[in-house]
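Examination of the molecular architecture
Each chain is listed here by its residues.
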Amino acid sequence: MSSYLTLSDVAEHETEARRSRFVCALAPVSTVAQAAAFVSGRRLLHPGANHHCTAYVIGEARKGDDDGEPGGTAGTPMLQALIGRGFNDVVAVVTRYFGGTLLGAGGLVRAYSSAVTETLDQVTPVRMVPATLMEVSVSHDLAGRLENHLRASRHQVTDVAYGSRAVFTVAVGQEEQAGFADWLATLTAGRARLVAGAPVHVADPAG
């Protein structure tokens with residue numbers, strides 16, 4: 001697992017090439033279904049446009065769609081722009097209003113790629129770093145104090161469950177796991193149980 005960039009919110013930016021308008025919208029997504037829903041929303045927002053070309057990178061899933069433009073002139077350069085900038089879990093939609101002048105294959109590639117890169121230039125990306133979901137279990141007499149310390153820490157608490165023991169699921173960055181285990185042992189006088197779970201990505205607490 002490696003770090004990547006993503007978005008915290010939707011971003012939109014408009015460019016122009018020989019009187020054709022290119023309206024690019026980017027959104028953070030975590031599933032292909034979310035990407036499809038965002039694309040559908042953009043189509044509804046711009047019903048009079050000539051093309052709605054798309055690209056997404058979601059985990060290992062990557063796809064570009066030319067939506068009627070000549071093959072390879074829209075979706076692929078949009079996809080390459082996202083990947084080249086190190087973005088993931090993002091969908092891009094470039095809506096084109098034709099301005100009456102043909103751009104040619106090279107012109108289309110430049111226009112669609114630039115629409116995405118210029119929009120990326122406008123955003124403040126979120127860096128996502130590899131982490132592991134750690135299950136921390138303690139007796140109930142330690143739970144309240146431990147929860148307060150966990151929520152005040154740089155680590156994200158993703159779940160809390162109470163049964164025979166209190167169990168906290170905490171996302172801990174890969175490089176911080178040894179320090180987290182030591183911190184936990186000191187805080188609970190060695191009474192906490194720590195089990196490593198699934199790998200995930202979390203926002204870099206360092207920004």
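For the structure given in this document, a descriptive report is provided here. (Residues numbered from 1 in each chain as written. Predicted model: local features only at pLDDT ≥ 70, side-chain atom pairs only at ≥ 80, totals over all residues. Heavy atoms only, no water.)

1. Let's talk about unusual backbone geometry
Excluding glycine, a negative phi dihedral is what most residues carry, and trans is how most peptide bonds are arranged. Put simply, the test is: Each helix is a run of DSSP H or I of at least 4 residues and each strand a run of E of at least 2, with the numbering of both proceeding from the N terminus.
Backbone geometry places Arg19, a non-glycine residue, at a positive phi of 75°. Position of Arg19 relative to the elements: it lies in the loop between β2 (11-17) and β3 (20-28).

2. Points about the environment of His51
Short version of the rule: Note on classification: 1.4 Å probe, protein chains only; a residue is buried when its accessible area is under 20% of the maximum for its type, exposed when over 50%, partly exposed between these limits. We define a polar contact as two N or O atoms separated by no more than 3.5 Å, with the added condition that, inside protein, one atom must be a possible hydrogen donor and the other a possible acceptor, whereas residues neighbouring each other in sequence contribute only through side-chain atom pairs.
Tracing the backbone shows His51 in strand β4 (residues 51-58). For His51, a relative accessible area of 14% puts it in the buried group. When the C-alpha positions of His51 and Val94 are compared, they lie 7.9 Å apart, and in sequence the two are 43 residues distant. In this structure the side chain of His51 is engaged in a polar contact, spanning 2.8 Å, whose partner is the backbone oxygen of Asp67.

3. As for the pairing of strand β9 (residues 166-173)
Regular strands show a simple pattern: their side chains alternate between the two faces of the sheet. Stated formally: Between any two strands, pairing holds if DSSP finds at least two bridges.
Within β9, 7 of the 8 residues are buried, which leaves it mostly tucked inside the rest of the structure. In this structure, strand β7 (residues 126-138) lies alongside β9, joined through 8 bridges in antiparallel fashion. If you follow Val136 over to β9, its bridge partner there is Phe168. Pairing geometry for strand β8 (residues 156-162) and β9, over 6 bridges, is antiparallel. Each bridged residue has a counterpart across the sheet, and for Ala161 the counterpart in β9 is Val167. From the end of β8 to the start of β9, which pair antiparallel, there are 3 residues.

Remember that the coordinates give geometry; whether it matters functionally is a separate question.
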